[in-house]
Amino acid sequence: MGRYVIQRLMLAGVTLVMVSVLVFSLIRVVVPFFYADAVDIVAGEYGRTDEARADALRDEYGLSGNLIGQYFKWAANVLTGDLGESLFNGRSISGEIRDRVVVSFELGLVGLVSGLLFSVPMGIAAAVCQDRWPDYILRTLAILINALPGFWLAILILTFGSLWFNWAPPLKFKYLWEDPVQHVKIMALPALLIGLTPSAGIVRIVRTQMLEVMRQDYIRTAQAKGLNGRAVIFGHAMRNSLIPVVTVVGLSLPNLIAGTAIFEAIFVLPGMGQYLVSSVGNLDYPVIMSTNLIFAVLIVTANLLVDLSYPLLDPRIRY
Amino acid sequence: MPSDTYWNRRLNRRRALLGAGSAGMGVAALGLVGCGDDDDSNAEPTKPLEEKQAEVKSFLWDRKDTTAQAVKGSIYQTYTTADATNLDPLSSPSFTANAWGSWYYPRLMTYKPGYRVAANGEYEGYLAQGVEQPDPTTVTFKLRQNAVWEDKAPLNKRPIDADDVVFSWKKFAEKGQSRKDLVKLPDNPTGPVESISAPDKNTVVFKLAFPYAPFVSAMAYSRYLQIMPRESEGGYDPRNETRSGGPWILSNYQRSVTFEIRKNPNFWDKDRVLLDGFDIPIIPEYAAQLAQFRAKKLWTFGGLRQEDVISTKKDLPDLQVDSNAQGRTAWLTYFGLQPGSPFLDPRVRQAASMLIDRDTWIDTFYNVSEFKKEGYPIESRWHSHISAGWEGFWVDPRGSDMGANGKNFVQNVAEAKKLLDAAGVKTPIETDIAWISTGQYGVTFPKHAEVIKGMLEESGLFKLKQINPDYQTDYLPKYYFAKGDFKGIAVGASTQFPEVDQYLFAYYHTQGSRQKVAFQGTNGDAKSDKLIEQQRQELDAKKRMELIKEWQRYVAGTMPMIPYPGQANTFSLFWPWVGNYGVFRAWDVESGRDRTETAIWFDKSKYTG
């Protein structure tokens, strides 16, 4: 196990280096060559009328030097824990991420947990009632939820909420430690909505896995021994059906954290999604590089944790 | 135009505006619940128009000045749509910093608000208490002596002095985004300002390269010279922190979430400020803005789409409706002038202009028929080569003042055909028409261009191939800044300037800061250049106005490009507890924080939120 973890960590390091080289090449070479650089985008039409100023900005932002040298400088800083500063406002990226990642992580985690609380029982119920009306209803519901984008539901809820109940979510964001009640009021709805769409897929995975496990010999043996249905389902079938679910859930957590931008925009939340989207919009290179690295770390870590969790769910799996 | 023509059938406003997916999910959501639709077949029986007009008149805001009853205090709830790139207005590469800076950094001058009517661009002292012009190229500003910076280190209520102004001007001249509009530089020899000096702590002297009529007015504009403390160089980080010298302080800024503005207790005229401050969350999504406004969490909603005004007012009868002043931007349809281009001949450009049905275009994009049907007072205006919102300067293409060239603005397909025949051009003219289909000019812009294309083609005199270039890689270098070196026609936006001269010079003068812009033509137009130069150096306001009118009459004939068809006044909604809403009206909203926002108050007796 220890050897396996070390191997995986080394591979993770290689993966992260490759991700950073790829992102750097894309935003510093490909995009400026085929599209525009940060100064072109932020200075817009005025920048094109004042080339001297645009060149001065490029110098000021450190964009006019040697590209390879710039990459190594960034990488060396990252290795010392310094993620750098935003090109345009000089703010520390580490500080921004520290403030924002808690919001995105909470959104993603609450969304995931609420989605699981909703989808796992639904999947099990659908499997247990296979090809009967509860199964049809639950599957239809899952497809329906899967087909409805969460942000669209959010807009509908806001629109109907204001039309019918004179309601709209609070606008003043508060961290949990500042004002727990206000925090829950702000975060509850977007978190639930974020978890809704992936939960539809999980319903279908749980159902399929449950059906497969229920057909195994050991389940038939358990039933033949006279165990009641509840004990068979929860004691024997469910645990064995969860391995693919854990894989999907583990891998979707980083996506949930990274994919909250539209909800953050609708509900006025200071999360990572907005940070990344605005930095991409302005081509704020250090921010893009560092946030991508953070997301890559999250994904690699989630992968590793998922793999390490398999032996806990199925003792036959060993590393 | 007969009522059964193709365009009256096709250019249905609703279809034009809602036909695009880009209109956003918010509109889709509103459409679903029916609140965006004012054509409801279950509506109450139609009232006579006179009755509707009387009803609208009864609720249309009369801009009553309630300053005498004003109670001080409270935090105004409003919103913004985008974050600031940074907070330094003199070096930021984006104007978002200027928009925010005008809350807390003072300027030498400020625009005088219109009192219950639209402002007219008049200015008055802000940091400057007096302005003198001892000779046509010297302008002296005398600073007020009771102005101090915010009570925060390293300034700690230090008096604002002439050295701050000199420091700010030098920074603007070196790093300001719009410096080329004002500063004479080696690569900008037509800039009007040569130098600045401070003979004493309270006096600033600008030396101009030539007599420049709009100079003092330009000192009121938030995108030019905002006065920052010299300690902003090294004493604090101006990209992330601010030190106020005006009526407001930025008390809290949470990136991508909110701005909190509070009253500055050390402002020299603090008794004039009625509110304690403003909470301004960043809400980029339209549906979320509308929902927050309807739920009374936002007190005003500046971005309300015109197609939502009538239905929102019907849903929420307590809302107040105000009629806004005419805007001051006129976007452009301009021509490729490569050798052999038909548009090198002014008759072809005139003919193209004559194919635009301006009233239908305005109706389509300003909801004019619908407002009229509901009894709202709405006025449509056609743009000349300056926007119809430049009161006093604008010549109405439909009026007698435009003279004979006014005919070039009137839709007349037969006359256009004659002009093309006279120019020896084979019709239909087969060429390209280009516009960006992405959102840099707003979500409605591609529809503006689409309708213009449709109008040109409907005549049968043009056969156009639509091109949607990428904004950064194609549109800006190959059309907008290509000096006419492209094929066909292009549709695009223009910048709004605080003074008509800056617009004329930048876009129409061959030496202007936008000298690469296509529609000036390769060799320019000597007469147009001369008129522009004369007006900017003419210190007599009436004579200057007449020169600008003469220029409009002239270019109405040469038609160097076709201005956007026109505009109508828009309407805004607000909750009744906003005291003095629209009573003191800003010339430029971003530059008006010291005069208009200070006059607003919270009328608790009307609050139902």
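Residues numbered from 1 in each chain as written. Chains lettered and ligands numbered in written order. Predicted model: local features only at pLDDT ≥ 70, side-chain atom pairs only at ≥ 80, totals over all residues. Heavy atoms only, no water.

Student: Looking at this model, I keep getting lost on the environment of T312(B). Mind explaining?
Tutor: All names here are of chain B. Looking at the secondary structure, you find T312 in helix α9 (residues 306-315). Judged by relative accessible area, which is 2%, T312 ranks as buried. For the pair T312 and L573, spaced 261 residues apart in sequence, the C-alpha separation works out to 8.7 Å. Those residues in contact with T312, other than ones at most four positions away along the chain, are L290, R294, L304, L319 and L573. (Helix = DSSP H or I, 4+ residues; strand = E, 2+ residues; numbered from the N terminus. Buried < 20%, exposed > 50% of the residue type's maximum accessible area, 1.4 Å probe, protein only. Contact = heavy atoms within 4.5 Å.)

Student: Even after reading the chapter, I still don't get unusual backbone geometry, so can you show me in this structure?
Tutor: Residue and element names in this part refer to chain B. The omega torsion across A153 and P154 is 0°, close enough to zero to call that bond cis. Structurally, P154 is set in the loop between β6 (138-143) and α6 (162-175). One non-glycine residue, K157, lies in the positive phi region at around 65°. You can see K157 is positioned in the loop between β6 and α6. You can call K157 partly exposed: its relative accessible area is 39%. Residue N580 is not a glycine yet carries a positive backbone phi of 70°. With respect to the helices and strands, the residue N580 is situated in the loop between β21 (578-579) and β22 (584-585).

Student: Is there a simple way to think about the domain arrangement of chain A in this case?
Tutor: Note: interface size is frequently given as the accessible area lost on complex formation between the parts. Residue and element names in this part refer to chain A. In terms of domains, chain A is made up of domain 1 (2-79) and domain 2 (104-313). Centre-to-centre separation of domain 1 and domain 2, based on C-alpha positions: 33 Å. Across the contact, 24 residues belong to domain 1 and 17 residues belong to domain 2. When domain 1 packs against domain 2, close to 1,600 Å² is buried across both sides, 82% of that on carbon and sulfur atoms. At the boundary of domain 1 and domain 2, one finds one salt bridge. Between R8 and D307 there is a salt bridge, with its nearest N and O atoms 2.3 Å apart. For the side of domain 1 that touches domain 2, the secondary-structure elements that each account for two or more residues are α1 (2-34), α2 (38-49) and α4 (67-79). It is α1 that provides the largest number of residues to the side of domain 1 that touches domain 2, a total of 15 residues. The class makeup of the residues in the side of domain 1 that touches domain 2 is 19 nonpolar, two polar and three charged. (Domains from an automatic or database assignment. Buried area = accessible area lost by both parts, 1.4 Å probe. Salt bridge = Lys/Arg side-chain N within 4 Å of Asp/Glu carboxyl O. Nonpolar A, V, L, I, M, F, W, Y, C, P; charged D, E, K, R; others polar.)

Student: Sorry, what's going on with the sheet that holds strand β5 (residues 128-135) of chain B here?
Tutor: Each strand in a sheet pairs with its neighbour through backbone hydrogen bonds, running either in the same direction (parallel) or in the opposite one (antiparallel). Residues and elements named next belong to chain B. The four strands lie next to each other as β5-β6-β8-β7, forming an open sheet whose pairing is antiparallel. Two strands lie at the open edges of the sheet, namely β5 and β7 (193-200), each paired on one side alone. Strand-to-strand twist in this sheet, taken as the mean axis angle between neighbours without regard to direction, amounts to 20°. Pairing geometry for β5 and β6, over five bridges, is antiparallel. Following the sheet pairing, G130 is matched in β6 by K142. Sitting on the sheet, α6 is in contact with β6, β7 and β8 (203-208), with an inclination near 160° to β7. (Pairing = 2+ DSSP bridges. Axes fitted to C-alpha atoms, helices over the stretch in contact; angles between N-to-C directions.)

Student: Just to check I follow, could you spell out the side chain of H448(B) for this structure?
Tutor: As for its placement among the helices and strands, H448(B) is situated in helix α14 (residues 445-458). Apart from the residues within four sequence positions on either side, H448(B) is in contact with W361(B), F365(B) and Y564(B).

Student: Would you explain the side chain of H509(B) in this entry?
Tutor: In this structure, H509(B) sits in the loop between α16 (500-508) and α17 (526-537). Polar contacts involving the side chain of H509(B) include one to the main-chain amide nitrogen of Q511(B), which spans 2.9 Å. (Polar contact = N/O pair within 3.5 Å; in protein donor to acceptor, adjacent residues only side chain to side chain.)

Student: Looking at this model, I keep getting lost on the domain arrangement of chain B. Mind explaining?
Tutor: Residues and elements named next belong to chain B. Domain boundaries in chain B define domain 1 (84-238) and domain 2 (332-568). Placing a centre on the C-alpha atoms of domain 1 and another on those of domain 2 gives a separation of 33 Å. Listed per partner, the contact involves 15 residues of domain 1 and 16 residues of domain 2. For the pairing of domain 1 and domain 2, the buried interface totals around 1,300 Å² over both sides, and the portion due to carbon and sulfur atoms is 58%. Summed over the shared surface of domain 1 and domain 2, the number is zero salt bridges.

Student: Got a minute to help me understand the interface of chain A and chain B in this structure?
Tutor: Across the boundary between the two partners, chain A contributes 50 residues, which contact 62 residues of chain B. Summing both sides of the interface, chain A and chain B together bury roughly 4,700 Å²; the carbon and sulfur share of this comes to 55%. For the pair chain A and chain B, the interface holds four salt bridges. For R255(B), the salt bridge identified is with E96(A), shortest N-O distance 3.9 Å. Seen at the junction of chain A and chain B, the total is twelve residue pairs in polar contact (both at pLDDT 80 or more). For the side of chain A that touches chain B, the elements supplying multiple residues, two or more each, are α2, α3 (51-60), α5 (93-128), α7 (150-165) and α11 (261-267) of chain A. Class assignment for the residues of the side of chain A that touches chain B results in 31 nonpolar, eight polar and eleven charged.

Student: How should I be thinking about empty space enclosed by the protein in this particular structure?
Tutor: Think of a ball as big as a water molecule: rolled over the atoms, this probe shows where empty space is left. If you walk through the whole model with that rule in mind, you get five cavities of 30 Å³ or more. Of the voids in this model, the second largest cavity is the one considered here, and its volume is about 70 Å³. Residue lining of the second largest cavity: 13 residues in total, with A43(A), G47(A), R53(A), L57(A) and Q177(B) positioned closest to the centre. (1 Å grid on protein atoms, 1.4 Å probe; cavity = no way out; pocket = protein on both sides within 12 Å on 5 of 7 lines; lining within 4 Å. Points joined across faces, edges and corners; volume = space filled by probe spheres on them.)

Student: What should I look at first to understand the pattern of salt bridges in this one?
Tutor: Between side chains of opposite charge, a pair can form as their charged atoms come close. Residue and element names in this part refer to chain B. Tallied over the entire structure, the rule returns 55 salt bridges over all chains. One salt bridge in this structure joins D322 and R63, with 3.0 Å as the shortest N-O distance. A residue pair is termed long-range when its members are at least 10 positions apart, and D322 in strand β12 (residues 320-323) and R63 in the loop between α4 (49-59) and β1 (75-77) qualify at 259 residues. Both residues of the pair, D322 and R63, count as buried. In this structure, D164 and R230 form a salt bridge, with 3.1 Å as the shortest nitrogen-oxygen distance. Of this pair, D164 sits in helix α6 while R230 sits in the loop between α7 (215-218) and β9 (248-254); the two residues are 66 residues apart in sequence, bridging distant segments of the chain. Three or more residues are tied together by salt bridges with common partners; here these are R158, D161, D163, D164, K201, R230 and E231.

Student: Explanation requested: the confidence of the model for chain B in the structure shown.
Tutor: Of all residues in chain B, 91% have pLDDT values of 70 or greater, and the mean over the chain is 89. When the criterion is pLDDT under 50, residues 1-41 of chain B qualifies, and its contacts beyond four places in sequence or with other chains add up to 77 contacts. (pLDDT = per-residue confidence, 0-100.)

Student: Can you help me understand a negative patch on the surface in this one?
Tutor: A cluster of acidic side chains, namely D59(A), E60(A), E174(B) and E233(B), defines a negative patch on the protein surface. With respect to the secondary-structure elements, E233(B) resides in the loop between α7 and β9. (Patch = residues over 30% accessible without salt bridge, like charges linked within 9 Å, V, L, I, M, F, W, Y side chains within 5 Å. Areas by Shrake-Rupley, 256 points an atom, 1.4 Å probe, with all protein chains shown as cover. Lys, Arg positive; Asp, Glu negative; His and termini not counted. Charge placed at Lys NZ, Arg CZ, Asp CG, Glu CD.)

Student: Help me understand the nonpolar core in this model?
Tutor: Generally speaking, a soluble globular protein has its nonpolar side chains buried in company with each other. If you look at the biggest cluster of nonpolar residues, it comprises 246 residues, and the most contacted ones within it are W169(B) and F206(B). Here this core takes ten residues from helix α8 (residues 180-214) of chain A, the largest share from any one element. Not counting residues within four places of it along the chain, the set of residues in contact with W169(B) comprises L182(B), V183(B), V193(B), I196(B), F206(B), M219(B) and L225(B). One finds M122(A), A126(A), L138(A) and A142(A) within the second-largest nonpolar core, a separate group that totals five residues. (Core = buried A, V, L, I, M, F, W, Y, C linked by side-chain atoms within 4.5 Å.)

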